[in-house]
Amino acid sequence: MQRMIEIQSPFFLNPDDLAAPVDWYALFDNANPLALEIGCGIGDFIAKTAADRPDLNYIAIDFYNKGCYKTCRRIEKHGLANVRVVRDEARKFVAERIPPGSLAAVHINCPDPWPKKRHRKRRLVNAEFAGFIRHYLAPGGDFYFATDFDDYGLDVAEFMTGVPGYENMLAPDRYRHELAGYHLSKYMQKFMAEGKRIYFVHYRKTSEG
Ligand SMILES: C[S@@+](CC[C@H](N)C(=O)[O-])C[C@H]1O[C@@H](n2cnc3c(N)ncnc32)[C@H](O)[C@@H]1O
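This one's a predicted model, so the numbers in the text were calculated from it and none came from an experiment.

In the numbering used here, UniProt assigns the "binding site: substrate" (unreviewed entry) feature to Lys-116 and Asp-148. Mapped onto the elements of the fold, Lys-116 is located in the loop between strand S5 (103–109) and helix H5 (127–136). Not counting residues within four places of it along the chain, the set of residues in contact with Asp-148 comprises Phe-191, Lys-196, Arg-197, Ile-198 and Tyr-199.

Dropping the structure here:
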């Protein structure tokens, strides 16, 4: 078993120490909208993305202890006051700590693909999840999904067309293999170096309800 690294960083939040509901404005010391990265890995994507958008407050979630540690180190190195890192299961954290209708963006990059057919129901992103996360997006909030895994990319691109309350920002395409201005995560870069293509899906919440 891997040794747990104790994370002592001003950017790390222990979910058990947070009030419910969380006063995110007080926590970030500003009234900027929240955005989320689910499965931040080692934090390379969130560091670049948050540096581009100081007007958003980012929460980077992963249940991988070493990834959270590395993400915190990266955020410290770049002095990004608009990021906090949480080690938790994403759906649980969102349901317990994120105000409905509050998120300006949700990013999910290269989630575990569960390639075996019998394991596919373990995938994080499915139509039910898209409906769940929509509840926490603000009207006009962006939902980004990226994967190198053909079957996962095509599946998300297909079912998203039928999830109510979203607008396809890549229409008439359902997905693209390049997304201008979108930073590449560690896994995206790794898979692209192996010659694989990334499937990018980008939807936007249309209205409240
Ligand atoms: C394949 S890695 C990709 C990491 C990073 N997004 C990238 O593209 O380089 C997937 C990450 O998602 C995390 N993860 C998967 N399911 C999760 C969940 N339900 N809640 C929180 N983290 C999750 C894993 O721990 C892992 O670090």
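Right, picking up where we left off after that structure.
Turning our attention to unusual backbone geometry. Omega for the bond connecting Ala-20 with Pro-21 falls within 30 degrees of zero, at 0°, which places this linkage in the cis form. When you line up the elements, Pro-21 lands in the loop between strand S1 (12–13) and helix H1 (24–28). Despite not being glycine, Asp-29 has its phi angle at roughly 65°, a positive value. Mapped onto the elements of the fold, Asp-29 is located in the loop between H1 and strand S2 (34–38).

The full set close to the ligand counts 17 residues, and Gly-39, Asp-62, Glu-89, Asn-109 and Ser-185 are the nearest of them. Here a nitrogen atom of the ligand sits 2.6 Å away from a polar atom, N or O, in the side chain of Glu-89. Take Lys-186: an N or O atom from its main chain is 3.5 Å from an oxygen atom of the ligand. Isolated, the ligand exposes 600 Å² of accessible area, and the fraction of that covered by the protein chains is 90%. Every element with two or more residues in the shell around the ligand is listed here: helix H4 (90–97) and helix H7 (186–193).

Below, the discussion takes up a positive patch on the surface. Taken together, the side chains of Arg-3, Lys-66, Lys-70 and Lys-186 present a region of like positive charge at the surface. For Lys-70, the position within the fold is in helix H3 (residues 65–78). For Lys-70, a relative accessible area of 37% gives the class partly exposed.

The strands that make up a sheet pair up through hydrogen bonds in the backbone, lying either parallel or antiparallel. The mixed open sheet is built from eight strands, whose spatial order is S1-S4-S3-S2-S5-S6-S8-S7. Since the sheet does not close on itself, it has two edges, and those belong to S1 and strand S7 (166–168), each with one partner. Where S2 and S5 come together, five bridges link them in parallel fashion. Paired with Leu-34 across the two strands is Leu-103, which belongs to S5. Docked against the sheet, helix H2 (residues 44–52) engages S2, strand S3 (57–62), strand S4 (83–87) and S5, running at close to 175° with respect to S3.

Reading guide: rules and limits
Residues numbered from 1 in each chain as written. Predicted model: local features only at pLDDT ≥ 70, side-chain atom pairs only at ≥ 80, totals over all residues. Heavy atoms only, no water. UniProt positions renumbered as here; feature names shortened; annotations may be inferred. Helix = DSSP H or I, 4+ residues; strand = E, 2+ residues; numbered from the N terminus. Contact = heavy atoms within 4.5 Å. Near = heavy atom within 4 Å. Polar contact = N/O pair within 3.5 Å; in protein donor to acceptor, adjacent residues only side chain to side chain. Areas by Shrake-Rupley, 256 points an atom, 1.4 Å probe, with all protein chains shown as cover. Patch = residues over 30% accessible without salt bridge, like charges linked within 9 Å, V, L, I, M, F, W, Y side chains within 5 Å. Salt bridge = Lys/Arg side-chain N within 4 Å of Asp/Glu carboxyl O. Lys, Arg positive; Asp, Glu negative; His and termini not counted. Charge placed at Lys NZ, Arg CZ, Asp CG, Glu CD. Buried < 20%, exposed > 50% of the residue type's maximum accessible area, 1.4 Å probe, protein only. Pairing = 2+ DSSP bridges. Axes fitted to C-alpha atoms, helices over the stretch in contact; angles between N-to-C directions.

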